[in-house]
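An overview of the molecular structure
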Amino acid sequence: MSGMDEQDRDGINESSMSLLSSESRWVDGSEIEGESPRWFVDDDQTGHKMRRRLVRKTKRVDSFDVEAMEVPGVHKGHDKDLSLGRTLGLAFQTLGVVYGDLGTSPLYVFASVFSEARIKGDEDVLGALSLVMYTIALIPLAKYVFIVLKANDNGEGGTFSLYSLICRYAKVNLLPNQQPSDEKISSFKLKLPTPELERSLRIKESLERSTKLKTLLLLLVLMGTSMVIGDGILTPAISVMSAVSGLQDEISSFTEDTVVIVSIIFLVILFSIQQFGTSKVGMTFAPALLIWFFSLGSIGLYNIISHDVTVLRAFNPVYIYYFFKRNTIKAWMSLGGCVLCITGAEAMFADLGHFSVRSIQIAFTCVVFPCLLLAYMGQAAYLMKHPSEVEKVFYASIPDGLFWPVFVIATIAAMIASQAMISATFSCIKMSMSLGCFPRLKIIHTSRRFMGQIYIPVMNWFLMIMCVLVCACFRSTTEISNAYGIAEF
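Residues numbered from 1 in each chain as written. Predicted model: local features only at pLDDT ≥ 70, side-chain atom pairs only at ≥ 80, totals over all residues. Heavy atoms only, no water.

Right, let's talk about helix H8 (residues 211-244) for a bit. For H8, spanning 34 residues, the distance from its first C-alpha to its last is 50 Å, which sits close to the expected 50 Å at 1.5 Å a residue. Along H8, the largest kink reaches about 25° and is centred on leucine 234; proline proline 236 follows within four residues of it. Near the N-terminus of H8, the side chain that reaches the backbone nitrogen of lysine 212, with its oxygen 3.5 Å away, is that of serine 210. (Helix = DSSP H or I, 4+ residues; strand = E, 2+ residues; numbered from the N terminus. Expected span 1.5 Å × (residues − 1). Bend = angle between axes of the 7 residues up to and from the residue. Polar contact = N/O pair within 3.5 Å; in protein donor to acceptor, adjacent residues only side chain to side chain.)

Attention now moves to the packing of helix H9 (residues 256-272) against helix H17 (residues 457-474). Across the interface, H9 lies against H17 with an axial gap of 10 Å and an inter-helix angle of 170°. The orientation of H9 with respect to H17, classified from their angle, is roughly antiparallel. Contacts between H9 and H17 pair Val260, Ile264, Leu267, Val268, Phe271 and Ser272 from the former with Asn460, Trp461, Leu463, Met464, Cys467, Val468, Cys471 and Ala472 from the latter. Classifying every residue of the contact of H9 with H17 gives 12 nonpolar, two polar and no charged. (Axes fitted to C-alpha atoms, helices over the stretch in contact; angles between N-to-C directions. Parallel < 35°, antiparallel > 145°, perpendicular 65-115°, else oblique. Contact = heavy atoms within 4.5 Å. Nonpolar A, V, L, I, M, F, W, Y, C, P; charged D, E, K, R; others polar.)

Tallying each qualifying case throughout the model produces three salt bridges. Between arginine 326 and glutamate 123 there is a salt bridge whose closest N-O contact spans 3.6 Å. Here arginine 326, found in helix H11 (residues 318-333), pairs with glutamate 123, found in helix H5 (residues 122-145); they are 203 residues apart in sequence, far enough to count as distant. Salt-bridge contacts for arginine 326 lead to aspartate 124; the nearest nitrogen and oxygen are separated by 3.1 Å. Remark: aspartate 124 occurs in helix H5 and arginine 326 occurs in helix H11; sequence separation between them is 202 residues. (Salt bridge = Lys/Arg side-chain N within 4 Å of Asp/Glu carboxyl O.)

For the rest of this paragraph, the subject is the packing of aromatic side chains. Counted under the stated rule, the structure contains 15 aromatic pairs. Ring centres of tryptophan 404 and phenylalanine 407 lie 5.9 Å apart, and the angle between their planes is 85°; this geometry places the pair in the edge-to-face category. Placement of the pair is tryptophan 404 and phenylalanine 407 together in helix H16 (residues 403-434), with a separation of three residues, close to one helical turn. For tryptophan 404, a relative accessible area of 44% translates into the label partly exposed. An aromatic cluster is present here, built from Trp292, Phe394, Tyr395, Phe403, Trp404 and Phe407 joined pairwise through their rings. (Phe/Tyr/Trp six-rings, centres within 6.5 Å; stacked < 30°, edge-to-face > 60°. Buried < 20%, exposed > 50% of the residue type's maximum accessible area, 1.4 Å probe, protein only.)

On their own, these measurements won't tell you what the molecule is for.
Written out as structure tokens, the structure reads:
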């Protein structure tokens, strides 16, 4: 009889091992009412008999993500093995969501750079162009495409995702929300001892020992996220106003007040369509942005050939040194305008949850980067022949007869440009809520395929109100660009 009991217990123990491997716990029977499952007797450490049973522990689920649980592969890494066609489709959508802000920066960059350091010769133009070119090459291309995008937290990007990743493997979290189940959702893998791992362990130990460093880390995360949200407010205002202001040179009755009113109308339309979701907005906007980038590249190539091919000398970074040597303090002040050429670069990482790493990399290297280089080189070639038209260099450099088509595309692109930072703001707010740093808001998942594609109604209307106030109060793209440069830094 005792032999049969031993066999039963062994059978139960064997069957329960699979449950133990998938998050299970022992309970004494007081937690669950109703029908009692199978019980068996076990000896505790003191030698007394004890009745226990095995109960499967349910996974912790965020109530705001219940709707997203229907998404296939939601508990898997976001770095999914997508087919080539799906990846190219996502890359096409990123043009309408991620790169609109970067794409519209040629509307105002040179006007902002030379608002402080005036053009005194060709070397100033070449120096400013070289500064812009290498800023784009170092920050979006080298930093984001090749480094930052790979440091994602299970497919999510943004400042808080990095903080969440650090907190998961180092006890630096000042927020009481870390749970054992969090360790199972990361793609972190333990590696053999290497110099890099030893250095990482030393940094980890330093962070865990110092309360001041923990506080400083959290403050930096909060500051970075606040800057992204501030960028999401300033981006729509400056992009739309820069595009609409082009009409002032073509229509004499188009005053500054008219520019502000028309810009506000466009902004209201933009924020009203956010509820349809990132995928639908991206597929709607992407064709217009593809045409916009093609226009930038074509006009830039035309200006290089028509005005001054020697603008290619700007590939030599020595002209940056000449620019600072000639303009000294004013050259440093013009850096705020130069930073505008990478407006929205942070959206490449913050919007990662909406797309995939590969799609963002393909779109930037194959379309965005070459077209932006041609656009800036074309404007610089035009300025070398017409330095007095720096305030309106974009529209002035457009070939005759193409003003109105380009203006329509530019206005549409400027509206789309705002989408990058709006989506980035949604992602940052969601991550901050998951870490307990932001009040709980309603989150709507707009896609059944990608969990990161979300819409937050309260934040959407808050951003719209703030954008309208910025347009109404600043009333000038030059004033907004000064604030924009601070936010970018």
